[in-house]
Amino acid sequence: MCNRTRKELHDIAHIRNDNGIWKIQTITKHSAGVAELTEKFLKDFGLGELAKLMGLLHDVGKNQEAFQRYIAAESGYTPNCKSERVPHAYIGGLYAQKILGDASFIIAYPILGHHRGLYNCDDYQNIMKSCIPPECDIALPHFDLEAAIAPLRNLCKCFKRSDDIHYLIRMMFSSLVDADWLDTEAFMQPCVSTLRQRNDNIAILLERLEKHLLLIGANAPKTSVNNIRDEIQKLCAKAAEESPAIFSLTVPTGGGKTLSSMLFALRHAVKYGKKRIIIAIPYNSIIAQTASVLKGIFGAENVLEHHSNVDFSASDEDNVRNNDPLPDKLRLASENWDYPIVVTTNVQLFESLYSNKPGRCRKLHNICNSVLILDEVQTLPITFLQPIVNVLSALHTAFGVSVLMTTASMPALARNYRGTGRQEFRGLDTVHEIIPADMQLHKRLARTELKFIDTRINSNNYDSIARCISRHSKVLCIVNTRNDALEIFKRLNNDEGHCIHLSRLMCSRHIQDNISLIKQLLNTKGTGIVRVVSTQLIEAGVDIDFPIIYRQIAGLDSLIQAAGRCNREGKQKVGYTYVFHLNKELPRGFISDTANATESLVSDKITYDWFSPETIRKYFERLYSRCGEFDEPNVSGLCKSSGFYFETVSNKFTLIKDDSVQVIVPYKESSYIIENLKHNGWNNSLFRKLGQYSVGVLKNQFKELYAAGMLEELYDGIFYLSDSSQYNLQTGLNLQNNYLEEIFIK
């Protein structure tokens, strides 16, 4: 036994060395700790007893003598021993089967997958044919099967579809993974565990918001816009008293929906005992802006900003100097979202809800009993719309989540549609709109008109559009692809005033700098010409104000977003957003489908009120009727109770299909960061900062750059554009006339 007795190598769940003193957490103690946490996480949904049993059984397999030898050797407790890792999770699943019979899959799937992830049903069934090793023979705990199964049956009745039971397994899995990791952390890293202290409660945060709104109201001028914002806030406060449901808040640009939606969420949470507010946003630019506003009101210690561009490193000099634990707390909270306010992306939220991986699923149980705000809900991808609607329905009906969808152009999601494909879209049962139709917000907040340039004119080319733009001193032109933006920009007279280009051929930092410059120029009196040509990236979350906008034909919701950048502050009586065509075909797919739905309305020869909820609803109805697939990955088919395919769904449910390769470009401090990494070695904080200096290029374009010797591989799969002449400080990455078409709005 490598100088250790059999007794010494028994009942070890975890082991650590504290300054030469070995400390052991027994399997019994660890299992009891995990069971206590899992029961706590899910007792509000009647699943406490099942969750507790799951926690007690999850590590039974560690009693194997081979596993005990392995953990002792790996930890250094028996340094002269060698042992291979042995599987142990399946044994807990087998015990669940002995105790629960046919209902065992509810906890057996999570137990089997709590380290490697949820299995597909065929793999699961093969594993469950195994036998329990003799040394793992334990006395079965007393368990009242009927008492545990009864609330499970009641919960399953809440699901809209019979096959929605897979969401229940995901929540059980999430609670087990989080409980296992938390209890392990408390033993192995007690100092880290203490950072997970509680934050301010929801009631205190509501008080802060109400004081903030009172202060704004006292200092704001009594304008018609501010009066409307006050009306919206009062309606949100009133709606917060209504029973938990799926709500919508349709407010035009400038109506103050960010703070109004937070007022609803916090009041609703206080009244109905919701644990946190989760805000999901489609664009990183809006996330940064929203998170900044919320941190200013509630304090950075109460707002978790979780997306790909955020750095939780504690290496910042000010943090180190002040011994500030906040970055570490935020990093820990990002693992399981145990925070009062979470601001994240649609991608992070929905891909986690359909993931099978322990790390991504760990947060799911903390989505339960929360208020979920979906901002700019019209951007939800149509080819994934059915599984998204399905999970929203399940979260609300079974797991106590109240949903608030916010936008200026609300999609019609409470209906069924038959598109051109095989699938019928089955919408939400009911959506409660907070703003009454007779309030006519779109008219009262109207500051611009949409004018469609006659679609019969097919002479619009890059030169003609550039000439139209050049007639105005302050103008924004938005097009659908990077190529179109570059071609129009090149035809402007760049020596005349300020001409600025925006597209994803530029790195994020470059885009942010240009947007800041645009804002500065527009807010400075006496600034002359400011002409901007951009892709759709400027349409949402960017507070800029142009008197004139040109927008290439697109979906009506995109046109309305573009119009939100026109006469935003109401400085003129009316602004104009001109919708034009280029004499070329639009890229197939999302852009052409949405543009065709808009053109079908234009061809009606009816004088539509383009900003009215009724017209927007009609647009979405026509769009959905043209759609081929509402569930492209076939999630509904892969998640039926007769056979769950968790791993397959996880691989297929990818909201943004990115076939590009990220290339770091030479812009501002990126070269300095790279030199630092070369000389000083890998640094996670510096590496994360490089994310804002990368540009995505298609694989064939990447191969051309690489073959031309313009790229340097810093680390495995991480490339730097070493030829600085290939990055233009006006237009970004030069791909030698091979441009990356932007067929998906990011």
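Above this text you will find the structure in question.
The following refers to the structure shown. (Residues numbered from 1 in each chain as written. Predicted model: local features only at pLDDT ≥ 70, side-chain atom pairs only at ≥ 80, totals over all residues. Heavy atoms only, no water.)

So, the packing of helix α11 (residues 224-239) against helix α12 (residues 257-272)
(1) Moving on: Direction vectors running N to C along α11 and α12 enclose 20°, while the axes themselves pass 8 Å from each other. The orientation of α11 relative to α12 falls into the category roughly parallel. Once α11 is placed against α12, the crossing between them reads as right-handed. Residues Arg229, Ile232, Gln233, Cys236, Ala237 and Ala239 of α11 touch α12, and the partners they reach there are Ser260, Leu263, Phe264 and Arg267.
(2) Moving on: The class makeup of the residues in the contact of α11 with α12 is 6 nonpolar, 2 polar and 2 charged. (Axes fitted to C-alpha atoms, helices over the stretch in contact; angles between N-to-C directions. Helix = DSSP H or I, 4+ residues; strand = E, 2+ residues; numbered from the N terminus. Parallel < 35°, antiparallel > 145°, perpendicular 65-115°, else oblique. Left-handed = near helix turned anticlockwise from the far one by under 90°. Contact = heavy atoms within 4.5 Å. Nonpolar A, V, L, I, M, F, W, Y, C, P; charged D, E, K, R; others polar.)

Digging into unusual backbone geometry
What is expected of a backbone is that most residues other than glycine have negative phi and most peptide bonds are trans.
(1) Moving on: At lysine 605, a position not held by glycine, the phi torsion is positive, near 55°.
(2) Moving on: Mapped onto the elements of the fold, lysine 605 is located in the loop between α24 (590-602) and α25 (613-626).
(3) Moving on: Phi is positive for lysine 668, close to 50°, though the residue is something other than glycine.
(4) Moving on: Following the sequence through the fold, lysine 668 ends up in the loop between β20 (660-664) and α28 (670-680).

A word on the environment of asparagine 651
(1) Moving on: Structurally, asparagine 651 is set in helix α27 (residues 646-652).
(2) Moving on: Asparagine 651 sits in the exposed class, given a relative accessible area of 54%.
(3) Moving on: A sequence separation of 259 residues divides asparagine 651 from leucine 392, and the C-alpha atoms of the two residues are 20 Å apart. (Buried < 20%, exposed > 50% of the residue type's maximum accessible area, 1.4 Å probe, protein only.)

A look at the packing of aromatic side chains
(1) Moving on: For the coordinates displayed, the defined rule picks out 28 aromatic pairs.
(2) Moving on: Taking 5.7 Å as the distance between ring centres and 70° as the angle between the ring planes, the aromatic pair formed by phenylalanine 45 and phenylalanine 399 counts as edge-to-face. You can see phenylalanine 45 sitting in the loop between α1 (27-42) and α2 (48-57) and its partner phenylalanine 399 sitting in helix α18 (residues 385-399), a full 354 residues away along the chain.
(3) Moving on: Among the residues examined, phenylalanine 399 registers a relative accessible area of 1% and is labelled buried.
(4) Moving on: Three or more aromatic residues joined by ring pairs make a cluster, and in this case those are Tyr417, Phe425, Tyr619, Phe620, Tyr624 and Phe630.
(5) Moving on: Above the plane of the ring of phenylalanine 187 lies arginine 16, whose end atom (NZ or CZ) is 4.8 Å from the centre.
(6) Moving on: Over the ring of tyrosine 119 we find arginine 116, and its NZ or CZ is 4.0 Å from the ring centre. (Phe/Tyr/Trp six-rings, centres within 6.5 Å; stacked < 30°, edge-to-face > 60°. Lys NZ or Arg CZ within 6 Å of the ring centre and 35° of its normal.)

Focus: the environment of phenylalanine 45
(1) Moving on: Judged by relative accessible area, phenylalanine 45 falls into the buried class, the value being 14%.
(2) Moving on: Each C-alpha atom, one on phenylalanine 45 and one on proline 151, is 7.9 Å from the other, the two residues being 106 residues apart in sequence.
(3) Moving on: Not counting the four nearest positions on each side in its chain, phenylalanine 45 is found in contact with Leu155, Cys368, Asn369, Ala398, Phe399 and Gly400.

What about the sheet that holds strand β21 (residues 694-698)?
Pairing between the strands of a sheet comes from backbone hydrogen bonds, and it takes one of two forms, parallel or antiparallel.
(1) Moving on: Strand order across the open sheet formed by 4 strands is β21-β20-β23-β22, with mixed pairing between neighbours. The open sheet has two edge strands with one neighbour each: β21 and β22 (711-715). Taking each pair of neighbouring strands and ignoring which way they run, the sheet shows an average axis angle of 45°.
(2) Moving on: Most of the contacts of α28 go to β22, to which it runs at about 50°, and overall it touches β20, β22 and β23 (718-721). (Pairing = 2+ DSSP bridges.)

Some points on the sheet that holds strand β6 (residues 341-345)
(1) Moving on: Taken together, 7 strands build an open sheet; the order of strands is β5-β6-β4-β7-β8-β3-β11 and the sheet is parallel. The open sheet has two free edges, formed respectively by β5 (303-306) and β11 (432-433), since each of these has just one partner strand.
(2) Moving on: Bridge count between strand β4 (residues 277-281) and β6: 5 bridges; the pairing is parallel. Note that in β6 the partner of isoleucine 278 across the bridge is valine 342.
(3) Moving on: Sitting on the sheet, helix α16 (residues 346-353) touches β4, β5, β6 and β7 (371-375), and the angle it makes with β6 is about 90°.

Some points on the nonpolar core
(1) Moving on: With 120 residues, the main nonpolar core has Ile107, Leu168, Met172, Phe350, Leu374, Phe399 and Tyr624 as its most contacted residues.
(2) Moving on: The element contributing the most residues to this core is helix α8 (residues 165-188), with 11 residues.
(3) Moving on: Once residues within four sequence positions are removed from consideration, methionine 172 is found in contact with Leu42, Leu47, Leu50, Ala51, Met54, Ile106, Ile107 and Pro110.
(4) Moving on: Ranked by size, the runner-up nonpolar core spans 47 residues in total, among them Phe546, Tyr667, Leu705 and Phe719. (Core = buried A, V, L, I, M, F, W, Y, C linked by side-chain atoms within 4.5 Å.)

A look at the pattern of salt bridges
(1) Moving on: As enumerated under the stated definition, the model contains 37 salt bridges in all.
(2) Moving on: Arginine 531 serves as the salt-bridge partner of glutamate 496, at 3.0 Å between the closest nitrogen and oxygen. Residue glutamate 496 is found in the loop between α21 (482-490) and β14 (498-502), and its partner arginine 531 is found in strand β15 (residues 530-534); the two are separated by 35 residues along the sequence.
(3) Moving on: Residue classification places glutamate 496 among the partly exposed positions, given a relative accessible area of 34%.
(4) Moving on: What makes arginine 531 buried here is its relative accessible area of 4%.
(5) Moving on: In this structure, arginine 509 engages glutamate 669 in a salt bridge whose closest nitrogen and oxygen atoms are separated by 4.0 Å. Of this pair, arginine 509 sits in helix α22 (residues 508-523) while glutamate 669 sits in the loop between β20 and α28, and the two are 160 residues apart along the sequence.
(6) Moving on: Its relative accessible area of 35% is what places glutamate 669 among the partly exposed residues. (Salt bridge = Lys/Arg side-chain N within 4 Å of Asp/Glu carboxyl O.)

What to know about α2
Side chains of residues three or four places apart in an α-helix project in the same direction, reflecting 3.6 residues per turn.
(1) Moving on: In terms of residue burial, α2 counts as a mostly covered element, since 7 of its 10 residues are buried.
(2) Moving on: Taken as a whole, α2 has its buried residues at Gly48, Leu50, Ala51, Leu53, Met54, Gly55 and Leu57.

A word on the pairing of β22
(1) Moving on: Pairing between β22 and β23: 4 bridges, direction antiparallel. Looking at β23, one finds that leucine 711 is bridged to leucine 721.
(2) Moving on: Between β22 and β23, which pair antiparallel and follow one another directly, the connecting turn spans 2 residues, one of which, glycine 717, has a positive phi of 80°.

Quick word on the side chain of lysine 474
(1) Moving on: Mapped onto the fold, lysine 474 is located in strand β13 (residues 474-478).
(2) Moving on: Here lysine 474 occupies a buried position and makes no salt bridge, while the nearest side chain of opposite charge, aspartate 545, is found at 11 Å.
(3) Moving on: A distance of 2.8 Å separates the side chain of lysine 474 from the backbone oxygen of threonine 527, its partner in a polar contact.
(4) Moving on: A polar side-chain atom of lysine 474 sits 2.6 Å from the main-chain carbonyl oxygen of glycine 528.
(5) Moving on: Setting aside anything within four residues of it in sequence, one finds lysine 474 in contact with Leu522, Thr527, Gly528, Val530, Phe546, Pro547 and Ile548. (Lys, Arg positive; Asp, Glu negative; His and termini not counted. Polar contact = N/O pair within 3.5 Å; in protein donor to acceptor, adjacent residues only side chain to side chain.)

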